[in-house]
Amino acid sequence: MTDPTTERVIDRAALQHLQRRQALAAEPPWLHGEVARRMAERLQIMKRVPSVIVDWWARSGASSELLRSAYPKAKVVRVEHAEAIAKSPPAWWQSVTRRTARSIEAAAVQPETAQLVWANMVLHQHFDPGSLIAQWRRALSMEGFVMFSTLGPDTLKTLREVYREVGWGVPHAPFVDMHDLGDMLVQAGFADPVMDQEMLRLTWATPDALLTELRGLGINADPRRCAGLRTPRWRGRLEAALAERAGADGRIAIEFEIVYGHAFNPPPRVAVAGETRLSAADLQRMARTGRSSGSLG
């Protein structure tokens, strides 16, 4: 099987700039909140009630209240960037209020401790989605599950058409197809991955409003983007090209493909052989699995 990320060329520095910007934003993008609400509706199909939840890039994921409502007794560990952690309330205040979950960096997530890893609108902002998915699995206990959402390749199709018409190259880095994401889940060791998608069509009254919101959502991390600074004349040409695509109601529409996925962390498989040796850790995990009745619906 080929690696679906080999043809995806990304400017790592640009992505890191986007991650820092979103981590420090006063509030998450509106679209992230809407996708979080839709993803939370899918929790109803999960039979297992997690006691520990890892909320990956929680600040920009806009899911804290949704997770608290769905699982009021669960401990939530928020994974954030260092810059966002530096702006978080101190530990003593978190313990007093009991409303602010503990925030840590990804490297500090304890392995095999969570029953749910939740990652809303994260994967398309990561340089190597496959390695991130592997991190999620390491954080999960046996039969724990991951739920995530991300942008798919049909996102911003209209904007790409505008750029092609005026000869400007590409407006953003490519997004990973949901079938490739399913392959990454299997490669990472997840079982029974389920992938689906939906198209959201958003409209804006003016090109300026559209471009302002798109800036909050992302950045052009494709190395093939036009070099140099943009001029007011360039901005004017872009706004004019977008205005020409307004509908009969005068509003400009842009599409977003939202990809959803979930999968669970299976118990270790024991190969049948004349002599089989298991570590103490494997035996303990298998014993815990045998006592657990939770599963995906």
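K.L.:
How should I be thinking about the packing of helix H1 (residues 12-24) against helix H10 (residues 207-217) in this particular structure?
P.N.:
In helix packing, the relevant descriptors are the interaxial angle and the interaxial distance, both defined with respect to the helix axes. At a closest axis distance of 9 Å, the pairing of H1 and H10 adopts a crossing angle of 100 degrees. Between H1 and H10, the crossing angle belongs to the class labelled roughly perpendicular. Across the interface between the two elements, Leu18, Arg21 and Gln22 of H1 pack against Arg215, Gly216 and Leu217 of H10. For the contact of H1 with H10, the per-class residue count stands at two nonpolar, two polar and two charged.

K.L.:
What am I meant to see in the side chain of Gln19 here?
P.N.:
Checked against the element boundaries, Gln19 lands in helix H1. For Gln19, a relative accessible area of 12% gives the class buried. Within the structure, the side chain of Gln19 is placed 2.7 Å from the backbone oxygen of Gln125, a separation counted as a polar contact. Apart from the residues lying within four places of it in its own chain, the contact partners of Gln19 are Trp57, His81, Gln125 and His126.

K.L.:
Is there a simple way to explain the layout of surface pockets in this structure?
P.N.:
Taking a probe equal in size to a water molecule and rolling it over the atoms shows the remaining empty space. Roughly 890 Å³ of volume is contained in the largest pocket. Taken together, 33 residues line the largest pocket, and the ones lying closest to its centre are Pro171, Arg215, Gly218, Ile219 and Asn220. Looking at the lining of the largest pocket, the elements with two or more residues in it are H1, helix H8 (157-166), H10 and helix H11 (232-243). No other element matches H10, which puts five residues into the lining of the largest pocket. Its residues assigned to classes, the lining of the largest pocket comprises 21 nonpolar, seven polar and five charged.

K.L.:
What is the right way to read the pattern of salt bridges from this model?
P.N.:
A side chain with one charge can pair with a side chain of the opposite charge if their charged atoms come near. Taken as a whole and assessed by the stated rule, the structure comprises 12 salt bridges. When the shortest N-O distance is used, the salt bridge between Glu34 and Arg37 registers 2.6 Å. Residue Glu34 and its partner Arg37 are located together in helix H2 (residues 30-40), separated by three residues, close to a single helical turn. Note that Glu239 and Arg235 form a salt bridge whose closest N and O atoms lie 2.8 Å from each other. With a gap of four residues between them, Glu239 and Arg235 both fall in helix H11, about one helical turn apart. For Glu239, a relative accessible area of 23% puts it in the partly exposed group.

K.L.:
What should I look at first to understand the confidence of the model for the chain in this one?
P.N.:
For residues with low pLDDT, the predicted coordinates do not support detailed interpretation. Residues of the chain with pLDDT of at least 70 account for 80%, and the chain-wide mean is 85. By mean pLDDT, helix H6 (residues 91-97) is the weakest element of the chain at 44, and strand S4 (residues 114-120) is the strongest at 98. Low pLDDT, under 50, characterises residues 90-100; the predicted model gives this stretch 10 contacts beyond four residues in sequence or across chains. Residue range residues 291-297 is modelled with pLDDT below 50. Its contacts to residues more than four positions away, or to other chains, number 15 contacts.

K.L.:
Would you explain H10 in this entry?
P.N.:
Helical geometry: 3.6 residues make up each α-helical turn, so side chains three or four residues apart lie on a common side. Those residues of H10 lying buried are Pro207, Leu210, Leu211, Leu214 and Leu217. Looking straight down H10, one finds its buried side chains confined to an arc of 115 degrees; they lie on one side. Against H1, H2, H8, strand S6 (191-204), H11 and strand S7 (252-264) lie the buried residues of H10.

Calculation notes
- Residues numbered from 1 in each chain as written.
- Predicted model: local features only at pLDDT ≥ 70, side-chain atom pairs only at ≥ 80, totals over all residues.
- Heavy atoms only, no water.
- Axes fitted to C-alpha atoms, helices over the stretch in contact; angles between N-to-C directions.
- Helix = DSSP H or I, 4+ residues; strand = E, 2+ residues; numbered from the N terminus.
- Parallel < 35°, antiparallel > 145°, perpendicular 65-115°, else oblique.
- Contact = heavy atoms within 4.5 Å.
- Nonpolar A, V, L, I, M, F, W, Y, C, P; charged D, E, K, R; others polar.
- Buried < 20%, exposed > 50% of the residue type's maximum accessible area, 1.4 Å probe, protein only.
- Polar contact = N/O pair within 3.5 Å; in protein donor to acceptor, adjacent residues only side chain to side chain.
- 1 Å grid on protein atoms, 1.4 Å probe; cavity = no way out; pocket = protein on both sides within 12 Å on 5 of 7 lines; lining within 4 Å.
- Points joined across faces, edges and corners; volume = space filled by probe spheres on them.
- Salt bridge = Lys/Arg side-chain N within 4 Å of Asp/Glu carboxyl O.
- pLDDT = per-residue confidence, 0-100.
- Arc of directions from axis to C-beta.

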